[in-house]
Number of protein chains: 2
Amino acid sequence: MTSAHGTAGARASRGPGRRPGQTETREAILGAARELFAEKGYDGASLRAIARAAGVDPALVHHFFGNKEGVFVEAMRFPIDPSVLLPHILAAPRERRGETIARVFLGVWEDPGRRPPLLAMLRSAMTNERAAALLREFIGSALFARAGAATDVPQLRLQAAAGQMIGLMILRYVVRVEPLASASEDELVELVAPVLQSYLG
Amino acid sequence: MTSAHGTAGARASRGPGRRPGQTETREAILGAARELFAEKGYDGASLRAIARAAGVDPALVHHFFGNKEGVFVEAMRFPIDPSVLLPHILAAPRERRGETIARVFLGVWEDPGRRPPLLAMLRSAMTNERAAALLREFIGSALFARAGAATDVPQLRLQAAAGQMIGLMILRYVVRVEPLASASEDELVELVAPVLQSYLG
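Residues numbered from 1 in each chain as written. Chains lettered and ligands numbered in written order. Predicted model: local features only at pLDDT ≥ 70, side-chain atom pairs only at ≥ 80, totals over all residues. Heavy atoms only, no water.

The name recorded for chain A in an unreviewed UniProt entry is AcrR family transcriptional regulator, from Actinomadura algeriensis.

Shown next, in the form of C-alpha cells:
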C-alpha cells in the first residue's frame, strides 16, 4: 500500500501511514469511532458500522487499525493495547505473574510519552460520564473479559488488581505524595508484585 | 455557648452551630483556611494565622473545629477525620488490622452522604493542581505521618494500601465496572482485607 508519489519534502515529514490522504482517512475513521463508541459503547459499535459512518470500506479500517480494539485504542488515544500486553503477561511463569504485570504496567506508566494520555483518560473518566462509560466498556470488554477468558482469575480479583495499580499511579503522579512520588520503578515492583500475585497468581 | 434568643422558627432550622452569627463566622474561618492552605500548604498554615486572616480569636477556631486538622477537614469538606478513625483502627488486634481498615474505609465510602464529597475531592485533585497540592499536604501530614508515627509501617506501604482503596473506589463508583460496582460490602472486605493486612499488619 505504499506509493512512490511522495516528494522529498513530504517524505521527510511522513512516518508510517502519515501520507496526507491517509491521515485524513484515519482521522475520519477515528472521529466516527469516537461518536459510535460514545453512543453505543464498545460492544455496540461494530467495525463495520464505524466504517459506514466514516464513509470508507471496512477493509480500510482493518488496514489502519487491525481490529476494533485497535480502533478504540487509537480513538481514545489509549496507550495500552491489551492484545499486545496480555500474551506477554500470560507467557510468564504463573508464580512470577505478579512481578511481570507490575513491570509491564509500570513500564507503560513510567514512559513520559505514554503517561500523559493515560492521565488524560483517567481525568476525563473522573469528570465526564461519557468518558467514564467508554472506559468502563473498554476495560470491561477488552481488558477484563479477555484476561478472564485467558486465565481462571475471577473478574472481581482482576478489578481489584487494576484498582491497586490505578490508585497507586494517582497517588504517585497526580497527588504526588512522598515517598511514593520519588520511589524507583524497582521499589514499586517490589511493593506491589506480591499483591498482584495474590490476586492473579 | 447556646443562647435563648432563637425564635421557634429559627430553632426549627438550626442544628449544632447553625445559629446565624455562628454560621457566618464559621464560613469566614473556612474561607480564610482554604486561602491559607492553598497558598502555604497544610504544614505552613497555622491555626493562629487562619484566625488572624479570618479576623477572629484563635480560641473561636478551636471552639468550632477543635484543631487544624478539623479546620482542614471542614475546609476541604473532607468526610474522613483521621484523628477519629485512626484510634479506632489501632485499637483492633494487629492480625485483624486489614479487615478493620477495609470495614472502616468502606463504611465511609458506602455512606451515600459521605461518598459525594470524597468523589468531589478526588475529582478536584485529578484536574486542579491546587486541589492536588491540598490533598497531598493533608494525606501526607495528617493521615500518613500520623499513621506512620502510631505504627512501624513504612510510608510507602501505607501509601500502597491507600492506593489500593482509592483505585478500587474509582473503579466501583466512577468507572462503575461490573461485577465490582455491584459487589456487596462484605465481598469487598473479603477481597481487600488480606492485601491491607499484608501491607500494614
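Still to come is the rest of the account.
A. The arrangement of the overall build of chain A in detail. Helices and strands together make up the secondary structure of chain A, namely eleven helices and zero strands. Helices and strands appear in chain A in the N-to-C order α-α-α-α-α-α-α-α-α-α-α. Going through the 201 residues of chain A one by one, you find that 48% of them count as buried. Long-range pairs, those at least 24 residues apart, make up 60% of the contacts in chain A between residues at least 6 apart in sequence. Roughly 9300 Å² of accessible area belongs to chain A as shown, and the carbon and sulfur atoms make up 54% of that amount. (Helix = DSSP H or I, 4+ residues; strand = E, 2+ residues; numbered from the N terminus. Buried < 20%, exposed > 50% of the residue type's maximum accessible area, 1.4 Å probe, protein only. Contact = heavy atoms within 4.5 Å. Areas by Shrake-Rupley, 256 points an atom, 1.4 Å probe, with all protein chains shown as cover.)

B. Here's a closer look at the packing of aromatic side chains. All names here are of chain A. This model, assessed by the stated rule, comprises six aromatic pairs over all chains. Centre to centre, the rings of F105 and W109 are 6.2 Å apart; their planes meet at 25°, and the pair counts as stacked. Here F105 pairs with W109, and both are found in helix 7 (residues 97-110), just four residues apart, close to one helical turn. Looking at F105, the relative accessible area reads 18%, which means it is buried. (Phe/Tyr/Trp six-rings, centres within 6.5 Å; stacked < 30°, edge-to-face > 60°.)

C. Representation of the pattern of salt bridges within the structure. Residues and elements named next belong to chain B. Evaluated as defined, the whole model comprises 14 salt bridges over all chains. Close ionic contact of E74 with R26 constitutes a salt bridge, the shortest N to O distance being 3.1 Å. Note that E74 is positioned in helix 5 (residues 68-75) and R26 in helix 2 (residues 20-44), a separation of 48 residues in sequence. Owing to a relative accessible area of 30%, E74 belongs among the partly exposed residues under this scheme. What makes R26 buried here is its relative accessible area of 12%. E99 is the salt-bridge partner of R96, the closest N and O atoms lying 3.1 Å from each other. (Salt bridge = Lys/Arg side-chain N within 4 Å of Asp/Glu carboxyl O.)

D. Molecular detail of the interface of chain B and chain A. Chain B puts 39 residues into the contact, and the matching count from chain A is 39 residues. A combined buried area of about 3300 Å² lies between chain B and chain A, and 72% of that area is made up of carbon and sulfur atoms. Our enumeration of links across chain B and chain A arrives at zero salt bridges. Where chain B touches chain A, the interface holds ten residue pairs in polar contact (both at pLDDT 80 or more). Those elements giving two or more residues to the side of chain B that touches chain A turn out to be helix 8 (115-127), helix 9 (129-150), helix 10 (155-174) and helix 11 (185-200) of chain B. A class-by-class count of the residues in the side of chain B that touches chain A yields 24 nonpolar, eight polar and seven charged. (Buried area = accessible area lost by both parts, 1.4 Å probe. Polar contact = N/O pair within 3.5 Å; in protein donor to acceptor, adjacent residues only side chain to side chain. Nonpolar A, V, L, I, M, F, W, Y, C, P; charged D, E, K, R; others polar.)

E. Quick look at unusual backbone geometry. Residue and element names in this part refer to chain A. Of note, the bond from E178 into P179 is cis; its omega dihedral lies within 30 degrees of zero at 5°. Tracing the sequence through the fold places P179 in the loop between helix 10 (155-174) and helix 11 (185-200). For R176, which is not glycine, the phi torsion reads 55° and is therefore positive. Mapped onto the fold, R176 is located in the loop between helix 10 and helix 11.

F. Just the relation of the copies chain B and chain A, in detail. Expressed as a screw transformation, the operator carrying chain B onto chain A has a rotation angle of 180° and an axial translation of 0.0 Å, and the superposed copies differ by an RMSD of 0.1 Å. A rotation of that kind, with that shift, is consistent with a two-fold axis. A share of 100% of interface residues in chain B that are also interface residues in chain A marks the association as one of identical surfaces. (Least-squares fit on C-alpha atoms with pLDDT ≥ 70 in both.)

G. Focus on the UniProt feature "DNA-binding region" (unreviewed entry) in chain A. Look at the UniProt record and you will see "DNA-binding region" (unreviewed entry) annotated at residues 46-65 of chain A. Taken end to end, residues 46-65 of chain A is 80% helix and 0% strand, and its first and last C-alpha atoms sit 13 Å apart. (UniProt positions renumbered as here; feature names shortened; annotations may be inferred.)

H. Geometry of the packing of helix 10 of chain A against helix 10 of chain B. Interaxial distance between helix 10 of chain A and helix 10 of chain B falls to 6 Å at its minimum, and their mutual angle equals 115°. Between helix 10 of chain A and helix 10 of chain B, the angle is such that the two are roughly perpendicular. Here helix 10 of chain A and helix 10 of chain B pass one another in a crossing that is right-handed. For the pair helix 10 of chain A and helix 10 of chain B, the contacting residues are Q159, A160, A162, G163, Q164, I166, G167, L168, I170 and L171 of chain A in the first and Q159, A160, A162, G163, Q164, I166, G167, L168, I170 and L171 of chain B in the second. Here the residues of the contact of helix 10 of chain A with helix 10 of chain B are counted per class, giving twelve nonpolar, eight polar and no charged. (Axes fitted to C-alpha atoms, helices over the stretch in contact; angles between N-to-C directions. Parallel < 35°, antiparallel > 145°, perpendicular 65-115°, else oblique. Left-handed = near helix turned anticlockwise from the far one by under 90°.)

I. The arrangement of the nonpolar core in detail. Core analysis: the biggest nonpolar cluster contains 142 residues, and Y199 of chain A together with Y199 of chain B have the highest contact counts within it. When near neighbours in sequence (up to four residues on either side) are disregarded, Y199 of chain A contacts V153, R157, A160 and A161 of chain A together with Q164, L191, V192 and V195 of chain B. (Core = buried A, V, L, I, M, F, W, Y, C linked by side-chain atoms within 4.5 Å.)

J. Main features of helix 8 of chain B. All names here are of chain B. For helix 8, spanning 13 residues, the distance from its first C-alpha to its last is 19 Å, which sits close to the expected 18 Å at 1.5 Å a residue. Within the sequence span of helix 8, burial applies to R115, L118, L119, M121, L122, A125 and M126. For helix 8, the arc enclosing every buried residue in end-on projection is 160°, short of the 170-degree limit, so these residues lie on one face. (Expected span 1.5 Å × (residues − 1). Arc of directions from axis to C-beta.)

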